[in-house]
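Structural description and commentary
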Amino acid sequence: LTCFINALLKLDRPMILILDDLQWAEALAIDLVLGELLESIERQKNAHLFFFIGLYRDDEISVDHPLLPKLNSLRESSNVKITNMHLSAFSKDDLGDMISNELKLPKRLIGELSDVVYKKTSGHILFAVELLNSMVRDSTIYFSMRRR
């Protein structure tokens, strides 16, 4: 993996590596990716072209998870800049606004749908979008020219 990334960096083009669900990664994988790989990239002259995004659910990380010491170690390194972003669930009102906007209907007409989606997803946007998509696929909700 390191050789592959280094070869790509020699192309002198920006590169983004995204790894999701790091909360499930074992210590060996974390050491490989966040240790050896990032250290190798730091030594490249085109390191500024590399952008790494690591995603994890902080509510699934215990204090003894191997990810935390590795992140702290990287944070202390002068060559690695880490930015933490905490993404919280949508509020019931925000979810209603999103559904209203996507369906191009006033909020007063999507109130019940918004309530159901919020109750089923707790405002988690990915789950809300997937639920709405499945409702469209299953014809639970659909567009009709007829007025009610």
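Provided above is the structure to which this section pertains.
What you are looking at is a predicted structure, and each value in this text was computed from that prediction instead of being measured. (Residues numbered from 1 in each chain as written. Predicted model: local features only at pLDDT ≥ 70, side-chain atom pairs only at ≥ 80, totals over all residues. Heavy atoms only, no water.)

Observations regarding the environment of Leu95
Position of Leu95 relative to the elements: it lies in helix α4 (residues 92–103). Given the relative accessible area of 0%, Leu95 is considered buried. Setting aside residues no more than four positions away along its own chain, Leu95 makes contact with Phe90, Ser114, Val117, Tyr118, Thr121, Ile125 and Ala128. (Helix = DSSP H or I, 4+ residues; strand = E, 2+ residues; numbered from the N terminus. Buried < 20%, exposed > 50% of the residue type's maximum accessible area, 1.4 Å probe, protein only. Contact = heavy atoms within 4.5 Å.)

Describing the pattern of salt bridges
Tallying each qualifying case throughout the model produces five salt bridges. Linking Lys92 and Asp115 is a salt bridge whose minimum nitrogen-to-oxygen distance equals 3.2 Å. Placement of the pair is Lys92 in helix α4 and Asp115 in helix α5 (residues 111–121), with a sequence separation of 23 residues. Residue class for Lys92 comes out partly exposed when judged on its relative accessible area of 41%. Accessibility expressed as a relative area gives 29% for Asp115, which makes it partly exposed. Across the pair Lys107 and Asp97 runs a salt bridge, and its minimum N-O distance is 3.0 Å. Of this pair, Lys107 sits in the loop between α4 and α5 while Asp97 is found in helix α4, placing the two residues 10 residues apart along the sequence. Of the residues examined, Lys107 reaches a relative accessible area of 33% and is grouped as partly exposed. (Salt bridge = Lys/Arg side-chain N within 4 Å of Asp/Glu carboxyl O.)

Looking at the pairing of strand β2 (residues 50–54)
Pairing between strand β1 (residues 15–19) and β2: five bridges, direction parallel. Pairing of Leu19 across the sheet is with Gly54, part of β2. One crossover worth recording links β1 to the parallel β2 by way of helix α2 (residues 27–42), and it is right-handed. (Pairing = 2+ DSSP bridges. Right-handed = clockwise from strand over helix to strand, strands pointing away.)

Thoughts on unusual backbone geometry
A negative phi holds for most residues other than glycine; trans holds for most peptide bonds. The backbone of Asp12 shows a phi angle near 60°, a positive value even though the residue is not glycine. Here Asp12 lies in the loop between α1 (2–9) and β1. Residue classification places Asp12 among the exposed positions, given a relative accessible area of 51%. Within the chain, Asp21 stands out as a residue other than glycine whose phi angle is a positive 60°. With respect to the helices, strands and loops of the structure, Asp21 is situated in the loop between β1 and α2. Using a relative accessible area of 26% as the deciding quantity, one classes Asp21 as partly exposed.

A look at the nonpolar core
Counting residues in hydrophobic clusters, the biggest one holds 18 residues, and the most contacted among them are Ile5, Leu9, Leu34, Leu37, Ile41, Phe50 and Leu67. In terms of residue count, α2 provides more of this core than any other element does, six residues in total. Excluding residues within four positions of it along the chain, Leu37 makes contact with Leu1, Thr2, Ile5, Leu17 and Leu32. Counting residues in each nonpolar core, the second largest holds 10 residues, with Leu95, Leu113, Val117 and Ala128 among its members. (Core = buried A, V, L, I, M, F, W, Y, C linked by side-chain atoms within 4.5 Å.)

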